[in-house]
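Here are the chains, one letter per residue:
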Amino acid sequence: MSAATTLSWFARHELKLAWREWLAMMTGGRRGRKRAAAIGLVAFAALMHLPAYAVIGRFANLQPPLDKTSLIVLTSTILLAWALMLSQAIESVTRVFYARADLDLIMSSPAKLTNIFSVRIAAIAVMVTGMALLFSTPFVDVLVLNGGARWLAGFGVVVVIGSSAAAFAIAITILLFRLIGPARTRLIAQILAAIIGAGFVIALQIAAILSYGTLSRFAVLTSDAAAAFVPDADSLIWWPARAALGDIQPLLFLLSASLVLLGCVMAIFSPRFADTAIVASAQAITSRRGSRALAFRGGSRQQALRRKEFLLLKRDPWLISQTLMQLLYLVPPALLLWRSFSDSSAAIVLITPVVVMAAGQLSGGLAWLTISGEDAADLVATAPLSPSAVLRAKIEVVLIVIGAIFAPLIVALALASPLQAAVTACGVTIGAASATAIQLWFRVQARRSQFRRRQTSSRLATFAEAFSSIGWAATSALALSLPAGAAVSGLITAAIVAATWKLSPRRG
Amino acid sequence: MKSEQPALHVQGLTKRFDRPAVDALDLTVHAGEFYALVGPNGAGKTTTLRMVAGLLRPDAGSVAIFGVDALRDPIAAKQIMAWVCDEPMIYDKLTPLEYLEFVAGLWGVDPRVSTPAARDLLASLGLEPHLNERCEGFSKGMRQKVALAGALVHDPRLIILDEPLTGLDAVSARHVKGLLGERVRAGDTVIMTTHILEVAERMADRIGVIAAGRLVAEGTLAELRAQNGHGNTSLEDLFIALVDVEAEAA
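What counts, and where the lines are drawn
- Residues numbered from 1 in each chain as written.
- Chains lettered and ligands numbered in written order.
- Predicted model: local features only at pLDDT ≥ 70, side-chain atom pairs only at ≥ 80, totals over all residues.
- Helix = DSSP H or I, 4+ residues; strand = E, 2+ residues; numbered from the N terminus.
- Buried ≥ 20, exposed ≤ 12 C-beta atoms within 10 Å, placed from the backbone.
- Contact = placed C-beta atoms within 7 Å.
- pLDDT = per-residue confidence, 0-100.
- Pairing = 2+ DSSP bridges.
- Axes fitted to C-alpha atoms, helices over the stretch in contact; angles between N-to-C directions.
- Nonpolar A, V, L, I, M, F, W, Y, C, P; charged D, E, K, R; others polar.

The secondary structure content of chain A amounts to 19 helices and zero strands. Within the span of chain A, comprising 508 residues, buried residues form 39% of the whole.

Within chain B one finds nine helices and ten strands. Counting across all 250 residues of chain B, residues that qualify as buried make up 49%. Across chain B, contacts joining residues at least 24 apart in sequence account for 69% of those joining residues at least 6 apart.

All right, on to the confidence of the model for chain B then. Across chain B, pLDDT averages 87, with 95% of residues at or above 70. Taken together, the chains of this predicted complex give a pTM of 0.68 and an interface ipTM of 0.78.

Right, let's talk about the sheet that holds strand S10 (residues 214–219) of chain B for a bit. All names here are of chain B. Taken in spatial order, the six strands of this open sheet run S6-S7-S8-S3-S9-S10, and their pairing is mixed. Looking at the sheet topology across the chains shown, the edges are occupied by strand S6 (81–84) and S10. Each neighbouring strand pair of the sheet contributes to a mean axis angle of 15°, computed without reference to strand direction. Pairing analysis gives four bridges linking strand S3 (residues 34–38) to strand S9 (residues 206–211), with the strands arranged parallel. Looking at the pairing, Leu 37 lines up with Gly 208 of S9.

All names here are of chain B. With respect to the helices and strands, Arg 16 occurs in strand S1 (residues 8–16). Overall, Arg 16 belongs to the partly exposed group, with 13 C-beta atoms counted inside 10 Å. Distance in space between the C-alpha atoms of Arg 16 and Ala 60 is 9.7 Å, their sequence separation being 44 residues. If near-sequence neighbours (up to four positions away) are discounted, Arg 16 is found in contact with Ala 21 and Asp 59.

A word on the pairing of S10(B). Residue and element names in this part refer to chain B. Direction of pairing for S9 relative to S10: antiparallel, over a ladder of five bridges. Looking across to S10, one finds that Ala 211 is bridged to Arg 214. Taking the residues that link successive antiparallel strands as the turn, the S9-S10 hairpin has two residues, and the phi of Ala 212 there is positive, at about 50°.

Attention now goes to the interface of chain A and chain B. Listed per partner, the contact involves 32 residues of chain A and 30 residues of chain B. Contributing elements (two or more residues each) for the side of chain A that touches chain B: helix H11 (301–314) and helix H15 (377–382) of chain A. When residues in the side of chain A that touches chain B are grouped by element, the largest group, six residues, is from H11(A). For the side of chain A that touches chain B, the class distribution of residues is 15 nonpolar, seven polar and ten charged.

With respect to burial, helix H1 (residues 45–52) of chain B is a largely interior element, eight of its eight residues being buried. Listed in full, the buried residues belonging to H1(B) are Lys45(B), Thr46(B), Thr47(B), Thr48(B), Leu49(B), Arg50(B), Met51(B) and Val52(B).

This part is about the environment of Val142(A). Residues and elements named next belong to chain A. You can see Val 142 is positioned in helix H5 (residues 113–147). Given 23 C-beta atoms within 10 Å, Val 142 falls into the buried group. Residue contacts for Val 142: discarding those within four places in its chain leaves His 49, Ala 52, Tyr 53, Ile 56, Gly 57 and Ala 60.

What follows is the structure in structure tokens.
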């Protein structure tokens, strides 16, 4: 087989695997669901046009040349998308390095590894860009329908963002390997991914809080100070914004530059990709020393279970980094709270829904880990404890962690506004209880390492958990501003949780 | 320490999935006995033992562990037995010593007893150099040994093992067999499924042959030979003859 044939054959193989993985994610791994998944996807895409219209519809008639404020907002939006895609790409690259599924097979084959890993790098770029195209389509559609075909250039900008983000992700990850070694790279890269994904929004929010006492990031972007600080409208910095508006020259330049960048990264890093993967695989099988076994001495059987859960959470930096993203969003409200002690800003009310939402999401993740993600399910099932005692111990772990994280924030809030603190505490408790209950009703037997894919086991549970968190966050916010609205919102959310229970699998 | 009650008494045990996996099975294992359950793939060995261990609810029948009704009082039954399956189930982020301490905690064993016992067990299985290493880097054989040590740390009277020698090297297998032999000599009961007929032939006091969810033959090796009219044949030949007869009958 020639080199070119090998390349195209391996590219087809990678695409087939990516397609099947995506299909399995959409169908929950069940056969005969392809049709339902396709209908669901089309319906979801159609439905997404509504929020897209609400968010972006009013910008469809923007015409070049734009003023500085519009350029700042558009460029920042593109930068945000790029940060999110970079985060996603770093995740994908790390997964390729540390998942040994086929690396042994590939590296023991007589194929030229540089070529094969070039294809793999390209596949990462295609996957990242493909997902971005999928999510951006409703937004671009809205702009095209309302503002004309020139907005189709938006797809080109998405390709630029995707390929450059993939190139940067590969370079960053391999450089991390060289600088800090494989043992730390996995953790650092994943924390970096979480921080990059959330960091841009949070940084803008922090700037807005410090400057204007509000959580709205647009306050910074549309300020006179920002307009005075940035370069003139003919600067290269605005080329991505101009490309998105349909200006062909910047679009073609950016497309070529991003593809050349990706090509360079493939040429430079493909030969090292194989070495890096080998080192990462070797690292995965070396053992680490643990502390002396004092954690389980003494205490009841339930205490042993709780201690085990705490110890496993503490020792898994990967899981911590996965949940870090949710906690990062608490930084701006905490800062807003701190600022509100000096001036009695009304913006402090915004803290409540953010905190309640974060509590719900975090509880859902923790509940999955403790209830479903039991690596030694047979051991726990054969222990002389009733199933209800086991579940109770595991639920207690979730509630203790949530309490430890959110109690200080609520205590601080009580110093500024006791009523709001009480409402927030209720919201956090109900939100956390609902998310935990949903995970309990839809529990499955899984390994902790499957945490990232927990959503695939039940789409219903995933959506119910999200709607419940959003619902309780909205209810808490309304309780502070419009109590009648809170009653309606609370009833709707309770109905969603009740319906989820009704639809959950029966257990004998 | 022999007991009047049988270690395991199963009557009419039945489990159906899309077809009968275990079909009205009757089985009695005496206290202090090493019992090997052999049979072809899909015969119902694992399903039977999972029902005995309380991991699967039978459709019909009864299970008694040393006279304790395991279906009515599962906690009392679980307190005196241990289960080890062929796929080692341990926590990657714990060390072997921590894993054993956790298991001891689940069974409510006094740490003053369990800690030295855990060290001794791990040492007897050749894991002493790895006591404080996390299990994430362990081979399948090492994980299997940690799981086995975990099953023994609470000093169970009945030890149920599903293919415990799968994936073990010769030295490890000898460690495991030695440890199980010691437990039987100390009066504990071991029930083990295995595809390695030589092990069953050499270690087991009695052997049960299961096919299509039913016990088709049972006894010591000599009794099995006598029952089937084979004078001096190996268990492998006997097994194949029994399973062939069963397959023809089906």
